[in-house]
Amino acid sequence: MIISRIVKKYIQSVKPSEKYIWFESNENFFDNSYALYLYIKENFKRYHLLYRCFYFDKLTNKKLIKKKQIKRRQIIYYDPKKNNVLNKIRYAKYKYYTRKCGLIFISYNTFDFQYQNLKNQKVVNLWHANLGFKNGSGMDYLLPYPKNYYYVSPTKESYRLEKIINANLNDVPQILAGKPRNDFIFNSNIKLISDFLNLDLINQKFILVCCTFKTFQRTISSDNYLKHESPFNFNLKEFEDLNSFLKQINMFIVIKSHHVQDKIKGCPFSQYSNFIFKSQEDFEENNLHINHLFNFSSGLITDISSIYFDYLLVNKPIGFYDFYLEDYKKEGRLTSNDLLKLRYGYSIKSYDDLVSFLNQVNKGINIFSKKQKDLSIKINGDYKSNNCLSVCRLLNIK
């Protein structure tokens, strides 16, 4: 008890330092926090960087630690359900660094109530994915916000739209800067992506398919994925015909599961030669983010996922698979019609619609190019590959 009181008193006396920066991620830890962490680690050596992921056990098993992208001693972790000595030590370390770090970067659904008591540190929310078509954001439980709480958003228009979904943002100061994860789009490597997909990207094309989850299952078998989570509601013959068509035009469909399904047992679509399936786990093990693939893809198929707004930056054909759209409306998962009107792309509601879209992509036709480009400037700004740099400049990280 005496030691505990001494430690507590010492922690309370700690003053924040601008040289200590805290990064926090959610379950999809290859996000804006991680992108900014990599950038600062590479360009500003004078800072002491700490990292916290809510899914610590998952994080420690990843290859990025073996590659020393994040050192074990940098990782902050404690389990609030355990009361053993080791966990108490971890918790003391956690409390110490929340006070020591002068700047804390978070993703919204990893926000810790501990931060609400901070007075002298800046807490900066890097979430961004709230600008999607899904209803609500879960930000209510962050209230009351800490004293020095800020929200990063690329443009005034994007912030205005985000406030349609998150009314509580009305009281939060905006930091006008780019999305750190979008630097992955412009700094990607063709050889790395070719090896990851096992494709010759000079001679072979691929369409990226990224849709939202339908059922909230973290671990799912490949059979159940095909039954309940497949982005396409096709029968067996249609899948076989589609695969034959893809062979004819030398194109592949790359399907990435939603990060909610972080563990897929087996490989869905393995029976089809021109379908490539990648899970969130596959991306993390290869130290990749979905945005790394954008520049090398020929187009995107999505639904109500916020990936649409990032993909606008590459100005390529976009198809919206709307077969489940009415279901999402009935479930209350969609936000206002004002945001749905911003979807500039081809509507895909059937097998024939998909084939028509693939033909357009194969011919290099994108009739929505102008509208997509204009919207991208309004939503994403014009940061190009300087998204992380724009955040650092505004927060005086140098």
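Quantities reported herein were computed from a predicted structural model and do not represent experimental measurements. (Residues numbered from 1 in each chain as written. Predicted model: local features only at pLDDT ≥ 70, side-chain atom pairs only at ≥ 80, totals over all residues. Heavy atoms only, no water.)

A.B. asks: Explain the overall build of the protein here, please?
C.D. replies: Across its full length, the protein carries 17 helices and 14 strands. Nonlocal contacts in the protein, meaning residues at least 24 apart in sequence, comprise 72% of its contacts between residues at least 6 apart. Of the roughly 18600 Å² of accessible surface on the protein, a fraction of 49% belongs to carbon and sulfur atoms. (Helix = DSSP H or I, 4+ residues; strand = E, 2+ residues; numbered from the N terminus. Contact = heavy atoms within 4.5 Å. Areas by Shrake-Rupley, 256 points an atom, 1.4 Å probe, with all protein chains shown as cover.)

A.B. asks: I would appreciate a short explanation of helix α2 (residues 32–43) in the present structure.
C.D. replies: Given 3.6 residues to a turn, an α-helix orients residues that are three or four positions apart in the same direction. Its 12 residues give α2 an end-to-end C-alpha distance of 16 Å, which sits within 8% of 16 Å, the value for a rise of 1.5 Å per residue. Among the residues of α2, N32, S33, Y34, A35, L36, Y37 and I40 are the ones counted as buried. By the N-cap criterion, in which a side-chain oxygen at the helix start approaches the backbone nitrogen of a residue two or three places on, α2 is capped by D31, the distance to S33 being 3.1 Å. (Expected span 1.5 Å × (residues − 1). Buried < 20%, exposed > 50% of the residue type's maximum accessible area, 1.4 Å probe, protein only. Polar contact = N/O pair within 3.5 Å; in protein donor to acceptor, adjacent residues only side chain to side chain.)

A.B. asks: Could you clarify how one ought to interpret the pairing of strand β3 (residues 101–106) in this entry?
C.D. replies: Consecutive side chains along a regular strand alternate between the two faces of the sheet. Burial analysis of β3 places 6 of its 6 residues in the buried class, the great majority of the element. Judged from the 4 bridges that link them, strand β1 (residues 17–25) and β3 form a sheet pairing that is parallel. If you follow I21 over to β3, its bridge partner there is L103. Strand direction decides the pairing type here: β3 and strand β4 (residues 122–125), joined by 4 bridges, are parallel. Bridging across to β4, I106 finds its partner in N125. (Pairing = 2+ DSSP bridges.)

A.B. asks: Hey, could you run me through the sheet that holds β4 in this one?
C.D. replies: Neighbouring strands of a sheet are bound in pairs by backbone hydrogen bonds; such pairs are parallel or else antiparallel. Pairing is parallel in the open sheet, where 6 strands are placed in the order β2-β1-β3-β4-β5-β6. This sheet does not close on itself; its edge strands, each paired only once, are β2 (48–53) and β6 (174–176). Ignoring which end each strand starts from, the neighbouring axes of this sheet average 25° apart. Here 3 bridges tie β4 to strand β5 (residues 149–153), and the two strands are oriented parallel to one another. Across the sheet, residue V124 finds its bridge partner in β5, namely Y150. Of the strands in this sheet, β1, β2 and β3 are in contact with α2, which crosses β1 at around 145°. (Axes fitted to C-alpha atoms, helices over the stretch in contact; angles between N-to-C directions.)

A.B. asks: Is there a simple way to think about the nonpolar core in this case?
C.D. replies: Nonpolar side chains in soluble globular proteins tend to end up buried together. Ranked by internal contacts, the top residues of the largest apolar core, which has 32 residues, are F232, L242, F275, I301 and L358. When residues of this core are traced back to their parent elements, those giving at least two are β7 (205–210), α10 (236–248), β9 (251–256), β11 (275–278), α13 (325–330), β14 (346–348) and α15 (351–362). Among the elements that line this core, the one with the most residues is α15, at 6 residues. Filtering out sequence-adjacent residues up to four positions away, L358 remains in contact with I207, L242, F245, L246 and M251. (Core = buried A, V, L, I, M, F, W, Y, C linked by side-chain atoms within 4.5 Å.)

A.B. asks: For this particular structure, what's the right way to read α10?
C.D. replies: Helix length check: α10 (13 residues) gives 19 Å between terminal C-alpha atoms against 18 Å at 1.5 Å per residue, within 8%. Buried within α10 we find F239, L242, N243, F245 and L246. One face of α10 carries all of its buried residues, which in axial projection span an arc of 160°. Along α10, the residues that are exposed and aim more than 90 degrees away from the buried face are L236, K237, K247 and Q248. Residues of α10 that are buried in the fold lie against β9, β11 and α15. (Arc of directions from axis to C-beta.)

A.B. asks: Looking at this structure, how should I read the sheet that holds β7?
C.D. replies: An order of β11-β9-β7-β12-β13-β14 is seen for the 6 strands of this open sheet, with the pairing classed as parallel. The outermost strands of the open sheet, each flanked by one partner alone, are β11 and β14. This sheet shows a mean twist of 25° between the axes of neighbouring strands, independent of strand direction. With 3 bridges joining them, β7 and strand β12 (residues 299–302) adopt parallel strand pairing. Bridge pairing in β12 links L208 to L300. Lying on the sheet, α15 is in contact with β7, β9, β12, β13 (318–321) and β14; it crosses β14 at an angle near 145°.

A.B. asks: What should I look at first to understand the environment of G178 in this one?
C.D. replies: Looking at the secondary structure, you find G178 in the loop between β6 and α7 (183–186). Taking the C-alpha atoms as reference, G178 lies 4.5 Å from P154; in sequence the two are 24 residues apart.

A.B. asks: Honestly, the packing of α10 against α15 in this entry has me stumped. Any pointers?
C.D. replies: Angle between the axes and distance between the axes are the two parameters that describe a pair of packed helices. Packing of α10 against α15 brings their axes to within 11 Å, and their N-to-C directions diverge by 10°. One way to sum up the angle between α10 and α15 is to call them roughly parallel. When α10 is examined against α15, the residues E238, D241, L242, F245 and L246 are found in contact with a partner set consisting of Y351, L354, V355, L358 and N359. The class makeup of the residues in the contact of α10 with α15 is 7 nonpolar, 1 polar and 2 charged. (Parallel < 35°, antiparallel > 145°, perpendicular 65-115°, else oblique. Nonpolar A, V, L, I, M, F, W, Y, C, P; charged D, E, K, R; others polar.)

A.B. asks: Would you mind going over the pattern of salt bridges with me for this structure?
C.D. replies: Any two side chains of opposite charge can pair, on the condition that their charged atoms come close. Taken as a whole and judged by the stated rule, the model has 9 salt bridges. Here D382 and K384 are joined by a salt bridge, their closest N and O atoms 2.9 Å apart. The network of salt bridges with shared partners includes K179, R181 and D310. (Salt bridge = Lys/Arg side-chain N within 4 Å of Asp/Glu carboxyl O.)

A.B. asks: Help me understand the confidence of the model for the protein, please; the structure alone is not making it clear to me.
C.D. replies: Do not read the predicted coordinates in detail wherever pLDDT is low. For the protein, the mean per-residue pLDDT works out to 81, and 74% of the residues sit at or above 70. Within the protein, the element-level pLDDT minimum falls on helix α3 (residues 56–60), averaging 52, and the maximum on helix α8 (residues 190–197), averaging 96. Note on residues 136–141: pLDDT is under 50 here. Beyond four places in sequence and across chains, it has 22 contacts. (pLDDT = per-residue confidence, 0-100.)

A.B. asks: Is there a simple way to think about the environment of L313 in this case?
C.D. replies: Tracing the backbone shows L313 in the loop between α12 (307–311) and β13. As for L313 and I379, which are separated by 66 residues in sequence, their C-alpha atoms are 9.7 Å apart.

A.B. asks: Where do I start with the packing of aromatic side chains in this structure?
C.D. replies: Taken as a whole and judged by the stated rule, the model has 23 aromatic pairs. Note on Y34 and Y37: the rings are 6.2 Å apart at their centroids and 25° apart in plane angle, and the pair reads as stacked. Note that Y34 and Y37 are positioned in helix α2 at a spacing of 3 residues, about one turn of the helix. Take Y34 and Y37: they sit in the same class, and that class is buried. For the ring pair Y346 and F368, a centre distance of 5.2 Å and an interplane angle of 85° mean the geometry is edge-to-face. Linking Y346 in strand β14 with F368 in the loop between α15 and α16 (369–380), this pair joins segments that are 22 residues apart in sequence. These aromatic residues form a ring-pair network of at least three members: F234, F239, Y272, F275, Y321 and Y351. (Phe/Tyr/Trp six-rings, centres within 6.5 Å; stacked < 30°, edge-to-face > 60°.)

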